[in-house]
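Tertiary structure, described
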Amino acid sequence: MDSVSLSEATVMRRTHLGFMHSFRQPFSGVTISPRFCHTKGSRAISSNVSNTKSQYVYGESLAATADSDYKMNGVSLKNRISSVKERLLLDAFDDEYGGVVVDHGKLPSNPTVFTSMLRNSLSDWRRKGKKGVWLKLPVEQSELVPVAVKEGFEYHHAEKGYVMLTYWIPEEEPCMLPGNASHQVGVGGFVLNQYKEVLVVQEKYCTSSNTGLWKLPTGFINESEEIFSGAVREVKEETGVDTDFLEVIAFRHAHNVAFEKSDLFFICMLKPLSYKIIIDNLEIKAAKWMPLVEFVEQPMIKGDKMFKRVIEICEARLRHRYCGLSPHRLVSTFDGRPSSLYYNVVDDDPSDSNCTAEFY
Ligand SMILES: NC(=O)C1=CN([C@@H]2O[C@H](COP(=O)(O)OP(=O)(O)OC[C@H]3O[C@@H](n4cnc5c(N)ncnc54)[C@H](O)[C@@H]3O)[C@@H](O)[C@H]2O)C=CC1
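The name an unreviewed UniProt entry gives the chain is Nudix hydrolase, with Brassica carinata as the organism. Turning to the chain, the UniProt annotation filed under Cofactor (unreviewed entry) states: "Mg(2+)". Its UniProt record gives the chain a comment under Sequence similarities (unreviewed entry), which states: "Belongs to the Nudix hydrolase family."

**Structural notes on the pattern of salt bridges**
Going through the model one piece at a time under the given rule, you end up with 17 salt bridges. The partner of Lys130 in a salt bridge is Asp94, and the shortest N-O contact between them spans 3.2 Å. With Lys130 in the loop between helix H7 (111-127) and strand E5 (132-138) and Asp94 in strand E3 (residues 92-94), this residue pair connects regions lying 36 residues apart in the sequence. Since its relative accessible area comes to 17%, Lys130 is described here as buried.

**Notes on the site of the ligand**
In the neighbourhood of the ligand, the contacting residues comprise Gly186, Glu203, Lys215, Thr218, Gly219, Phe220, Arg252, Asp263, Phe265, Glu283, Met306 and Phe307. At 2.8 Å, a side-chain N or O of Asp263 approaches an oxygen atom of the ligand. A distance of 2.8 Å separates an oxygen atom of the ligand from a polar atom in the side chain of Glu283. Here the ligand, which alone exposes 790 Å², has 55% of that area covered by the protein. Where the shell around the ligand is concerned, the elements lending two or more residues are strand E10 (218-220), strand E12 (261-272) and helix H12 (305-318). It is E10 that contributes the most residues to the shell around the ligand, 3 residues altogether. Its residues assigned to classes, the shell around the ligand shows 4 nonpolar, 3 polar and 5 charged.

**Points about the packing of aromatic side chains**
In this structure the tally under the stated criterion is 4 aromatic pairs. A cation over a ring is seen here: Lys136 above Tyr162, with NZ or CZ 4.3 Å from the ring centre.

**Considering the sheet that holds strand E11 (residues 243-258)**
The strand order across the open sheet formed by 4 strands is E10-E8-E12-E11, and the pairing between neighbours is mixed. Across the chains shown, the open sheet's two edge strands, defined by having one partner strand only, are E10 and E11. Ignoring which end each strand starts from, the neighbouring axes of this sheet average 25° apart. Inspection of the sheet shows E11 paired to E12 by 11 bridges, in the antiparallel sense. The partner of Ala250 across the bridge, within E12, is Ile267.

**Points about the sheet that holds E5**
The sheet built from 5 strands is open, its strands ordered E3-E4-E5-E7-E6 with mixed pairing. In this open sheet, the two edge strands, each paired with only one partner strand, are E3 and strand E6 (154-159). Strand after strand, the sheet turns through a mean of 20° between neighbouring axes, direction not considered. Those strands touched by H7 are E3, strand E4 (100-102), E5 and strand E7 (162-168), and its axis lies near 160° from that of E5.

**A few points about H12**
Taking 1.5 Å of rise per residue, 14 residues should cover 20 Å, and H12 covers 20 Å from first to last C-alpha, within 8% of that figure. Every buried residue of H12 is accounted for by Phe307, Val310, Ile311, Ile313, Cys314, Ala316, Arg317 and Leu318. Two to three positions downstream of the cap, the backbone nitrogen of Met306 sits 3.1 Å from a side-chain oxygen, assigning the N-cap of H12 to Asp304.

Criteria and thresholds
- Residues numbered from 1 in each chain as written.
- Predicted model: local features only at pLDDT ≥ 70, side-chain atom pairs only at ≥ 80, totals over all residues.
- Heavy atoms only, no water.
- UniProt positions renumbered as here; feature names shortened; annotations may be inferred.
- Salt bridge = Lys/Arg side-chain N within 4 Å of Asp/Glu carboxyl O.
- Helix = DSSP H or I, 4+ residues; strand = E, 2+ residues; numbered from the N terminus.
- Buried < 20%, exposed > 50% of the residue type's maximum accessible area, 1.4 Å probe, protein only.
- Near = heavy atom within 4 Å.
- Polar contact = N/O pair within 3.5 Å; in protein donor to acceptor, adjacent residues only side chain to side chain.
- Areas by Shrake-Rupley, 256 points an atom, 1.4 Å probe, with all protein chains shown as cover.
- Nonpolar A, V, L, I, M, F, W, Y, C, P; charged D, E, K, R; others polar.
- Phe/Tyr/Trp six-rings, centres within 6.5 Å; stacked < 30°, edge-to-face > 60°.
- Lys NZ or Arg CZ within 6 Å of the ring centre and 35° of its normal.
- Pairing = 2+ DSSP bridges.
- Axes fitted to C-alpha atoms, helices over the stretch in contact; angles between N-to-C directions.
- Contact = heavy atoms within 4.5 Å.
- Expected span 1.5 Å × (residues − 1).

Pasting the structure below:
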């Protein structure tokens, strides 16, 4: 109990006595801490208030009194009572699918208090016909995770700083909550210079069958990063070469790649802006400009259906016989977010086509 705040201790004692029972206690018999009673814009109920107005009780009779907006020391009792009641429920926002999102910034720190508030909240949401519940528990409050799991919550996803749990309330309806993100997104850079040399790397960590292979620089894009800027960043990080993004030449979709997740791999054509190679020693063993013909002749590339095809596509692009996808920034009114739409030729606007863009 030493880490329990006074307000939480109050809730704990009420929980122990029973929810409605504790509400029926007269003011004089209930210890109300200033923090427990504090709400936005109103002062805390002080102990002298409870002494002075000991005849008023929580529950139905008090609710009737509160409805008539009884005032103590000039402050509306109605507001105070609803504030006390609300404190026994978790703070949550409605979502657009008839569910609720718990405000993780206002979680109690004590697991016993949390148990009580979570149970009360679930009953309340069930009564109101709410559907999905999203509960984000920060790593600093990881002791609340077993409580939520015991109450029927399931893991949805986790990040470094939190775990997200969900609960589907309607028993008669199938769970409609979307699953966790299903894909990782990778990029590869095809960078060609004016001597028909392609920028290649040897990875420090790779399978034994790939040892010594010269390959395109590849990597994963970061959260909220664009494909076009992720490709430019990866090439810069691994090789030190600055580039301009030209087109997405092709993309590969593969499954069960990393911990059962699928993989989207975007192969991007980039135009070199610098040529000096400075490798990232942490990830890369070596990097160089390699004649395209030599690159293609490597047994691992020649024998690999995907890379063989990728090179054929790139060569077709060099001859202007193929056109990749270039990003166009726009804001959709559906979600109001700036986004990138990747496409190639627009027949009635040839200037919009990137198929004529040169590579070096
Ligand atoms: N590397 C390749 O030869 C190929 C890559 N791709 C695609 O390229 C994209 C990126 O893949 P890769 O570059 O292979 O990524 P990767 O698996 O090499 O990971 C990128 C970097 O993350 C770090 N990393 C990843 N997992 C780690 C772990 N368990 N422990 C410590 N460090 C770790 C390493 O620094 C690594 O260099 C993916 O979409 C993939 O499908 C596609 C075909 C071939």
